[in-house]
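Chain and residue survey
Now for the letters of each chain:
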Amino acid sequence: MSDLSLSRARPLSGEIRLPGDKSLSHRAALFAAMAEGESVIDRFLVSGVTRAMLGALTAFQVPWRLEGERLTVTGKGLRGFAPPAAPVNCGNSATTLRLLAGALAAAGTPCVLDGSAGLRRRPMDRITKPLMAMRAPVTATRDCAPLTLAARAADTPLCAIDYAQPVASAQVKSCLILAALAADGVTTLREPGPSRDHTERMLAAMGAGIRVGQDGAVTVAPLTRPLAPLEVTLPGDISSAAFLLVAAAIIPGSAIVVRDVGVNPTRTGIVDMLAKMGAEVSVENPRTIAGEPVGDIRLASAGLKAIKVSGDTVVRMIDEFPAFAIAACFAKGTTEVRDASELRYKETDRITVLCRELRKLGVVLDEHEDGFAIQGGTLSGGVCDASGDHRLAMALALSGLAAPAKVTVQNAEILAESFPDFVVQVARLIEGLVI
């Protein structure tokens with residue numbers, strides 16, 4: 001697939017289950033490698049970005065096998081990573097690179113972490129500066145990848161720090177948490193807002209000494225015993241579910257249920273905002289699996305109205321703004337997003353590129369330094385480009401389901417980075433299937 005075209009669809013209906021959460025799949029694979037013993041991870045997401053993590057484990061001589069959606073990893077312990085024979089290619093995945101940097105700093109393993117041209121443009125001083133404060137031997141290339149980590153002696157721990165992150169970022173926080181497992185005391189990490197907390201939950205379940213204070217500060221004690229192996233079934237990815245929820249929200253008469261989705265409150269901003277826009281949304285059958293909140297999300301379409309998104313909500317839906325922008329295109333009034341300058345540092349500059357491609361489809365909008373304002377009811381259809389961004393590819397494509405004319409997204413194959421079954425899942429809901 002290169003070009004993807006979608007046209008006006010009848011109402012979506014049915015129930016569906018999605019592959020495992022991308023963020024949790026990344027973490028489960030890496031943390032299992034850092035544990036001692038065999039971990040079994042069911043519903044592992046098999047996609048471009050998670051294959052980058054698995055490729056890294058191979059480079060570190062950590063045994064693993066993948067059978068369908070079941071990943072089995074034989075962990076080698078915190079310092080068990082073997083030095084790779086060549087630079088480790090993280091592909092387009094900043095999560096892979098940033099989490100590996102923390103794990104390698106803890107392990108003391110020499111390594112070069114590199115990736116695609118897009119990944120080389122993403123800022124890495126956010127992790128290298130605090131890692132260097134912890135006396136991790138890491139250097140960057142003009143504050144970007146490739147990163148080089150030198151060897152560290154087993155009898156030389158990293159330094160515990162009390163660090164305030166300038167930007168709320170789960171990737172940065174996770175990197176530093178992993179490094180802190182090999183520090184000489186308790187490390188404290190503070191953020192200006194609540195980023196996703198998957199790392200804290202999963203590592204705590206594996207026996208790490210991690211605590212979250214009432215003020216949101218995370219304290220990490222150095223490991224005194226090996227991490228316990230995992231045996232877990234991952235929930236579905238709410239970031240992938242967001243595209244299906246928005247598709248149902250913009251097509252009158254739609255009603256769908258997405259089963260077994262992770263509903264961690266640090267990531268449910270998109271659900272809350274769709275409800276605020278007028279969609280009928282509810283989370284049913286709430287439960288906890290391996291420390292993560294899970295539920296079934298039911299959504300019925302309704303007339304959407306424009307809203308303003310800003311503040312802490314931005315962090316809780318930072319990956320869902322491409323999908324949210326499409327909902328805004330079909331809402332009554334002008335929807336405004338502010339405090340979202342972090343979108344400029346994703347796979348693309350998601351503010352400029354999103355605005356540029358939506359204009360190609362007829363959307364009337366204003367671009368701001370920290371967001372955008374979209375006038376609803378102006379998307380007409382046409383041809384646009386995914387621009388090397390998997391979430392942008394899916395968002396632009398689903399707009400065609402409710403547009404007056406067909407929408408064609410060029411270079412749409414990039415969507416396989418995170419949601420390879422996107423087209424299949426949309427087709428199932430158009431057919432009203434229950435799976």
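Calculation notes
- Residues numbered from 1 in each chain as written.
- Predicted model: local features only at pLDDT ≥ 70, side-chain atom pairs only at ≥ 80, totals over all residues.
- Heavy atoms only, no water.
- Buried < 20%, exposed > 50% of the residue type's maximum accessible area, 1.4 Å probe, protein only.
- Helix = DSSP H or I, 4+ residues; strand = E, 2+ residues; numbered from the N terminus.
- Pairing = 2+ DSSP bridges.
- Contact = heavy atoms within 4.5 Å.
- Axes fitted to C-alpha atoms, helices over the stretch in contact; angles between N-to-C directions.
- Core = buried A, V, L, I, M, F, W, Y, C linked by side-chain atoms within 4.5 Å.

Once that is clear, we can look at the pairing of strand β15 (residues 255-262). For β15, the tally of buried residues reaches seven of eight residues, placing the bulk of the element in the interior. Looking at chain direction, strand β2 (residues 13-17) and β15 are connected through five bridges and run parallel. Looking at the pairing, Ser13 lines up with Ala255 of β15. Bridging between β15 and strand β17 (residues 292-300) involves six bridges; their strand directions are antiparallel. Along β17, the bridge assignment pairs Val257 with Arg298.

Inspection of helix α12 (residues 352-360) places Val353, Leu354, Cys355, Glu357 and Leu358 among the buried residues, and these make up the whole buried set. Where the residues of α12 are buried, they touch α11 (321-329), β20 (364-368), β21 (371-375), β22 (382-385) and α13 (390-399). Immediately beyond the C-terminal end of α12, within one or two residues, lies Gly362, with a positive phi of roughly 95 degrees.

Attention shifts here to the environment of Leu119. Its place among the elements puts Leu119 in helix α4 (residues 117-120). Look at Leu119 and you get buried, because its relative accessible area is 0%. Measuring from C-alpha to C-alpha, the distance between Leu119 and Ala217 comes to 29 Å, with 98 residues separating the pair along the chain.

This part is about the sheet that holds β22. Taken together, three strands build an open sheet; the order of strands is β1-β23-β22 and the sheet is mixed. Taken across any chain shown, the strands that pair with only one partner, and hence form the sheet edges, are β1 (4-6) and β22. Across this sheet, the average inter-strand angle for adjacent strands is 20 degrees, counted without regard to direction. Here four bridges tie β22 to strand β23 (residues 407-410), and the two strands are oriented parallel to one another. Bridging across to β23, Cys384 finds its partner in Val409.

Further remarks concern the nonpolar core. By size, the foremost hydrophobic cluster in this structure holds 80 residues, and its most contacted members are Leu274, Phe324, Leu358 and Phe422. Take this core: its biggest share by element is 11 residues, from helix α8 (residues 238-250). Phe60, Leu71, Met206 and Val220 belong to the second largest nonpolar core, which has 68 residues in total.

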